[in-house]
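Report on the structure
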Amino acid sequence: MSDSVFPVPAEVAARAHVDNAKYLEMYQRSVEDPDGFWGEHGKRIDWIKPYSRIKNTSYDYHNVSIKWYEDGTLNVSANCVDRHLEKRGDQPAIIWEGDDPSESKIITYKQLHHEVNKFANVLHGQGVKKGDRVTIYLPMIPEAAYAMLACARIGAVHSIVFGGFSPDSLAQRIEGCKSECVITADEGLRGGRKVPLKANVDKAVEKAPVKSVIVVNRTGGDVAMKAGRDVWYHEEADRVSDHCAPVEMNAEDPLFILYTSGSTGQPKGVVHTSGGYLVYASMTHEYVFDYHEGDVYWCTADVGWVTGHSYIVYGPLANGATTLMFEGVPTYPGPGRFWEVCDKHNVNIFYTAPTAIRALMGAGNEHVTGTSRKSLRLLGSVGEPINPEAWNWYYNVVGEKRCPIVDTWWQTETGGILITPLPGATDLKPGSATRPFFGVQPAIVDAEGKFLEGAVEGNLVIKDSWPGQMRTVYGDHERFVQTYFATYKGLYFTGDGCRRDEDGYYWITGRVDDVINVSGHRMGTAEVESALVAHPKVSEAAVVGYPHDIKGQGIYAYVTLMEGEEPSDELKKELVKHVRAEIGPIASPDLIQFAPGLPKTRSGKIMRRILRKIAEDSFDSLGDTSTLADPAVVDELIDNRQNR
Ligand code: WT7
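All values derive from a computational prediction rather than experimental measurement. (Residues numbered from 1 in each chain as written. Predicted model: local features only at pLDDT ≥ 70, side-chain atom pairs only at ≥ 80, totals over all residues. Heavy atoms only, no water.)

Residues annotated in UniProt with the feature "domain: AMP-binding enzyme C-terminal" (unreviewed entry) correspond here to residues 527-605. Along residues 527-605 the backbone is 27% helical and 32% strand, and the end-to-end C-alpha distance reaches 17 Å. (UniProt positions renumbered as here; feature names shortened; annotations may be inferred. Helix = DSSP H or I, 4+ residues; strand = E, 2+ residues; numbered from the N terminus.)

Put into structure tokens, the structure is as follows:
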């Protein structure tokens, strides 16, 4: 069966930064002469002291070390703010659209400069210095961007924790990077509902004490303020000047830490540094979205995820773009909200996740066709594989066959997009992330690490470094090496499965490790399991993913109860509540099956492969069950399988 192909429309190629010939030429140079290529493109940002060294990286298992532009110095906030003042001071930097459709505001580059300087001085006032870690737990309000850029301005390292995480998860992340300052808001507002952010922080800092909590007034809700520790942002901001000189930072000084789930243990603090990250985020933003001066660009992610870091804040602002920041959710007050916002602010480039597309597709076309969307020129997708049905709907109904779709594959670890179409260069195939970005060398290996050539399926690795790559796991370089460079020595292992077709296009098939992707959010099954076994009635738990119409994958939990405990629907609800409280709503199990026994090998290892198959309904392909200690448990599990 041949895949349908959507050739690049001539008018798209004509206005794009690169057409196919240019892509091929640039790509070849980028891998043959990385120093030449990245030496030239590194100049897209402003350096205080120019670099003389460019790429200095080693994937050698015994000595993993990644440095780019290592003798250059810069300030990321100056690049995202100050350098635009002269040319586009009065241009909108941020268009903020509130949860409530009646609320929106525009922040020009001049205003952004004022706000970031103020915020930086407030941080100084709280004793935050260069190198300190600052935890940000904010809703999608402009202050989130001000706070990030203020940290960058004074050389502090931010660690953003998504507002949907529980107090325990927040405490773990505050402790993990030893931050002494937390920035939050009284409450968040999403889909008309209030999120008790400050109250969550209060609980978190009981476990992980900090010196200062800066509270932004978002809703005016009633919150407790502890004297000597908690301050209102607006009161502090009133007292400080709006001038704060950007600190000179080395290219390899950390810019931020972002926690992400893996297949084992606690979330890892992914460390990104300043120079290479900004070059890569800004360059991918310009080329992948074919950004041109004056475009209005909207990425619907939350700044709590890497997509928000690279493609709401750092990439677009480094490019002097107008970036739209949305506080709400796709379905509030109705399922037409995205398209109404596109019309209201004349959005040209729109970037969202397949899970949102599927949810809106289910709500009916009339919510889309009732809007104009004439401003839209390009659509993007990120976070999980996009199924061809959703792709076609996005293309035909939302984009009216006019807007190319860039299906961008990347990870928290990669800092920016690695595999993606370029709108003026790449013919599209629904469901394929297509070809590598400049400097990126993907390869497919088998379980033993042997390179597979041609049209094949296997595990996706990257052969050499690019400037946006993570540098280490915060405080645990060995874990960085073990997680990404030990499986296939000398290669960066992505954790994804992938197929390459006869045209050399890449098709991501999903995670091959114990990580599941729920609505484009990464969840380690081990984390959900440890939350479940922390419940007093649970003796053992095994968690796997299963196909879910909207979420991509749902969370399926097999739970063995303590001796004497009775399974019940009440207990299921209690367990869901428990996991929400331990990790956050994004980790809520969709289906719980009480299992008197789990399939184990004679040495006691849970055979997840079998559990995955049962959850997926593929009973015929359970594979070899002869090594099971007690093969009868499998029949019991199949008989009691939970219906989706
Ligand atoms: C994992 C990374 C990086 C943005 C948000 C997610 C999956 C991401 C795609 C895509 C197929 C994708 C992969 C990857 N993924 N984008 N376009 N097609 N799969 O970041 O939380 O670090 O998750 O998301 O499985 O490994 P993340």
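Another point: the packing of helix α8 (residues 167-176) against helix α9 (residues 197-207). Between α8 and α9, whose axes approach to 8 Å, the crossing angle comes to 50 degrees. Of the possible angle classes, the one that applies to α8 and α9 is oblique. Taken as a pair, α8 and α9 cross one another with a handedness that is right-handed. Together, P167, D168, L170, A171, I174 and E175 of α8 and N200, V201, K203, A204, V205 and K207 of α9 make up the contact between the two elements. Residue classes in the contact of α8 with α9 are distributed as seven nonpolar, one polar and four charged. (Axes fitted to C-alpha atoms, helices over the stretch in contact; angles between N-to-C directions. Parallel < 35°, antiparallel > 145°, perpendicular 65-115°, else oblique. Left-handed = near helix turned anticlockwise from the far one by under 90°. Contact = heavy atoms within 4.5 Å. Nonpolar A, V, L, I, M, F, W, Y, C, P; charged D, E, K, R; others polar.)

As far as domains go, the chain holds domain 1 (101-250) and domain 2 (519-640). Each of domain 1 and domain 2 was reduced to a C-alpha centroid, and the two centroids are 37 Å apart. At the interface, six residues of domain 1 touch seven residues of domain 2. Interface area, domain 1 with domain 2, both sides summed: about 470 Å², of which 52% is carbon and sulfur. (Domains from an automatic or database assignment. Buried area = accessible area lost by both parts, 1.4 Å probe.)

Once that is clear, we can look at the sheet that holds strand β6 (residues 133-137). Reading across from one edge, β12-β11-β8-β6-β7-β14-β15-β24 is the order of the eight strands in this open sheet, with mixed pairing throughout. If you trace the sheet from one side to the other, it starts and ends with β12 (230-232) and β24 (472-473), each paired once. Direction of pairing for β6 relative to strand β8 (residues 181-185): parallel, over a ladder of four bridges. Within the sheet, the bridge partner assigned to V134 lies in β8 and is C181. (Pairing = 2+ DSSP bridges.)

Time to look at the packing of aromatic side chains. Counted under the stated rule, the structure contains 44 aromatic pairs. Residues Y488 and F493 carry aromatic rings whose centres are separated by 5.2 Å and whose planes lie at 90 degrees to one another, so their mutual orientation is edge-to-face. Judged by relative accessible area, Y488 falls into the buried class, the value being 6%. Residue classification places F493 among the buried residues on the basis of a relative accessible area of 11%. Here the aromatic residues Y23, Y27, F37, W38, W47, Y51, W68, Y69, Y280, Y287, F437 and F438 are joined through ring pairs into a cluster of three or more. A cation over an aromatic ring shows up here: K105 above the ring of W96, its NZ or CZ 5.7 Å from the ring centre. Here R499 stacks its cationic end above the ring of W507, 4.7 Å away from the centre of that ring. (Phe/Tyr/Trp six-rings, centres within 6.5 Å; stacked < 30°, edge-to-face > 60°. Buried < 20%, exposed > 50% of the residue type's maximum accessible area, 1.4 Å probe, protein only. Lys NZ or Arg CZ within 6 Å of the ring centre and 35° of its normal.)

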